[in-house]
Amino acid sequence: MGSFLPPSHEQATFYTLFLIIAAVVFIIVTIIWLTRKRQLLSPLPQKNTFPPAYEWLARALGSLWLLDGFLQAQPSMITRFLGGVLAPLISGQPWPLNIVIKWSMTLWSFNPVLWNELATWLQIGIGLAILLGGHGPYRRIGLWISVFWGTAVWVGGEALGGIFVGGSILEGAPGSVLLYVLAAIFLLAPEQFWHSPRPIKMLQRFMAGLWFFVALLQALPSSGWWNRGMLSSYILSMAEMPQPHLFSLPLYIWVHSLAQYPLLWNITLTLTFSLLGFLWTFAPSSQLTWWLSLLITFSTWWFGQDFGVLGGMGTDPNTGAILLVILITYAQLLRLSLWHRAVEQHTQFKKSAG
């Protein structure tokens with residue numbers, strides 16, 4: 001791991017700036033917290049009428065941005081972000097996207113230490129604004145920055161989730177930051193939106209489209225997943241990352257099976273993702289649909305994405321984490337909708353009986 005670390009003077013520069021900014025941020029957060037505390041103790045506190053699913057999604061998104069910021073502050077990221085994260089994205093991309101990534105690399109190369117500092121604190125700032133901003137302007141500012149920064153990262157830092165170079169949900173396609181952006185847009189919707197049936201319908205359509213899309217990516221011959229050794233070599237590279245044996249052992253077992261039956265496994269993956277697409281289309285409210293989606297999402301997060309943060313070069317916990325958050329948000333919204341429906345039916349029954 002030593003060869004991956006930056007020179008000592010660059011580490012010192014980065015972490016000195018990190019501590020100075022951390023002290024300033026701590027003071028600002030303390031002032032905001034004390035201000036909010038006084039507002040809550042005022043005679044007429046602002047009433048929160050957003051459903052619990054809104055707050056769950058906001059807290060989860062803020063926590064993920066906060067985690068991403070601290071992951072960006074890993075020692076190996078200070079100078080190896082260009083070669084370890086951005087450079088591998090270039091191969092095989094369409095020329096417009098290739099140009100954007102190369103431009104990002106050129107810009108970053110001017111001062112990797114300062115750019116990494118900026119990326120670190122921008123993401124930490126987004127997370128803090130969403131987590132501590134309540135239902136006021138601070139959270140909305142954090143959400144808007146999340147949209148713009150997330151879009152920039154998805155294009156220049158994730159290469160659109162690898163969808164043009166044979167990406168798979170096992171690798172994190174269509175990109176975790178894209179889902180961050182969509183979640184932020186969802187949270188920016190007005191309060192009336194959250195009390196209507198639209199969030200549930202939109203999430204149902206999103207999940208159906210997502211699973212059909214990843215099934216298509218898995219099945220495309222140009223993606224290369226039908227080639228012998230493609231799946232097994234990729235999973236092997238994840239298993240060999242520095243991590244607890246508990247996490248890597250199932251990956252090695254799966255690698256052995258993938259090497260023996262590559263076509264069977266890719267057929268199984270394609271059909272499984274397609275099945276989820278059909279379930280979200282025709283039975284989106286079924287418990288089977290939700291639980292199967294939860295199981296497959298967690299499985300791809302572990303056995304494909306390797307939780308995204310292991311090995312010292314992970315910039316985020318990958319697509320599985322935010323997708324699990326979205327599934328839980330949907331379950332909360334659906335449960336609340338069913339409860340309201342049951343209350344309305346009970347009220348109508350009492351009126352008719354009276």
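These lines cover the structure that appears in this document, whether it is placed above or below. Model, not experiment: these values are computed from the prediction.

## Comments concerning the overall build of the protein chain
- For the protein chain, the count of helices and strands is 14 helices and zero strands.
- The helix and strand sequence of the protein chain, counted from the amino end, reads α-α-α-α-α-α-α-α-α-α-α-α-α-α.
- For the protein chain, the C-alpha radius of gyration of 22 Å lies close to 20 Å, the compact-globule estimate for 354 residues.
- Its C-alpha atoms put the protein chain at 75 × 55 × 40 Å along the principal axes.
- With 354 residues in all, the protein chain has 46% of them scored as buried.
- Roughly 18200 Å² of accessible area belongs to the protein chain as shown, and the carbon and sulfur atoms make up 72% of that amount.

## Here's the deal with the nonpolar core
- Ranked by size, the top nonpolar core spans 84 residues in total, and within it L61, L187, W194, W211 and F273 carry the most contacts.
- Top contributing element to this core by residue count: helix 14 (residues 318-353), with 11 residues.
- Excluding residues that lie within four positions of it along the chain, L187 makes contacts with Y54, L57, A58, L61, L143 and W194.
- Counting eight residues, the second-largest nonpolar core is a separate cluster that includes A73, V113, W121 and I124.

## Describing the side chain of S248
- Locating S248 in the fold gives a position in helix 11 (residues 245-260).
- Apart from the residues lying within four places of it in its own chain, the contact partners of S248 are A239 and Q243.

## Section: the pattern of salt bridges
- In total, this model carries two salt bridges according to the counting rule given.
- Linking E55 and R59 is a salt bridge whose minimum nitrogen-to-oxygen distance equals 3.3 Å. Here E55 pairs with R59, and both are found in helix 2 (residues 52-72), just four residues apart, close to one helical turn.
- By relative accessible area, E55 is classed as buried at 17%.
- Residue E55 pairs with R139 through a salt bridge whose shortest N-O separation is 3.0 Å.

## Points about the packing of helix 12 (residues 262-282) against helix 13 (residues 287-303)
- Remark: helix 12 packs on helix 13, axes separated minimally by 10 Å, with the N-to-C direction vectors making an angle of 145°. Judged by the twist between their axes, the crossing of helix 12 over helix 13 is left-handed. Along the contact surface, helix 12 presents T272, F273, L275, L276, L279 and W280, while helix 13 presents T289, L292, S293, I296 and T300.
- Taken together, the residues of the contact of helix 12 with helix 13 sort by class into seven nonpolar, four polar and no charged.

## Looking at the environment of K37
- Considering the arrangement of structural elements, one finds K37 in helix 1 (residues 8-40).
- A sequence separation of 74 residues divides K37 from N111, and the C-alpha atoms of the two residues are 40 Å apart.

## Considering the packing of aromatic side chains
- Within this structure, the stated rule accounts for 29 aromatic pairs.
- Pairing F14 with F18 gives two aromatic rings, centres 6.3 Å apart and planes at 25°, and the pair type is stacked. Of this pair, F14 and F18 both sit in helix 1, four residues apart, which is roughly one turn of that helix. Assigned by exposure class, F14 and F18 land together as buried.
- Look at Y54 and W194: their rings are 5.3 Å apart centre to centre, the planes differ by 85°, and that puts the pair in the edge-to-face class. You can see Y54 sitting in helix 2 and its partner W194 sitting in helix 8 (residues 191-194), a full 140 residues away along the chain. There is no split in this pair, since Y54 and W194 are both buried.
- In this structure an aromatic cluster arises from ring pairing among F247, W254, W265, F298, W301, W302, F303 and F307.

## Remarks on a nonpolar patch on the surface
- On the surface, a nonpolar cluster with roughly 260 Å² of combined accessible area is contributed by I20, V24 and I28.
- By the secondary structure assignment, I28 is in helix 1.
- Overall, the relative accessible area of 45% leaves I28 in the partly exposed class.

## Remarks on helix 10 (residues 230-239)
- Three or more residues of helix 10 are buried, namely L231, S232, Y234, I235, M238 and A239. One face of helix 10 carries all of its buried residues, which in axial projection span an arc of 165°.
- On its buried face, helix 10 is in contact with helix 9 (198-219), helix 11, helix 12 and helix 13.

## Considering helix 3 (residues 75-86)
- Its 12 residues place the ends of helix 3 17 Å apart at the C-alpha level, agreeing with the 16 Å of an ideal helix rising 1.5 Å per residue.
- Every buried residue of helix 3 is listed here: S76, M77, I78, F81, L82, V85 and L86.

## Some remarks on the environment of A173
- Mapped onto the elements, A173 comes out in the loop between helix 6 (137-156) and helix 7 (176-187).
- Residue class for A173 comes out buried when judged on its relative accessible area of 1%.
- C-alpha separation for the pair A173 and I163, spaced 10 residues apart in sequence, amounts to 6.4 Å.
- With residues up to four places along the chain from it excluded, the contact list for A173 reads G161, G167, S168, V214, L217 and T319.

Conventions and cut-offs
- Residues numbered from 1 in each chain as written.
- Predicted model: local features only at pLDDT ≥ 70, side-chain atom pairs only at ≥ 80, totals over all residues.
- Heavy atoms only, no water.
- Helix = DSSP H or I, 4+ residues; strand = E, 2+ residues; numbered from the N terminus.
- Rg over C-alpha atoms; globule rule 2.2 N^0.38 Å.
- Buried < 20%, exposed > 50% of the residue type's maximum accessible area, 1.4 Å probe, protein only.
- Areas by Shrake-Rupley, 256 points an atom, 1.4 Å probe, with all protein chains shown as cover.
- Core = buried A, V, L, I, M, F, W, Y, C linked by side-chain atoms within 4.5 Å.
- Contact = heavy atoms within 4.5 Å.
- Salt bridge = Lys/Arg side-chain N within 4 Å of Asp/Glu carboxyl O.
- Axes fitted to C-alpha atoms, helices over the stretch in contact; angles between N-to-C directions.
- Left-handed = near helix turned anticlockwise from the far one by under 90°.
- Nonpolar A, V, L, I, M, F, W, Y, C, P; charged D, E, K, R; others polar.
- Phe/Tyr/Trp six-rings, centres within 6.5 Å; stacked < 30°, edge-to-face > 60°.
- Patch = residues over 30% accessible without salt bridge, like charges linked within 9 Å, V, L, I, M, F, W, Y side chains within 5 Å.
- Arc of directions from axis to C-beta.
- Expected span 1.5 Å × (residues − 1).

So yeah, pure geometry; function would need other evidence.
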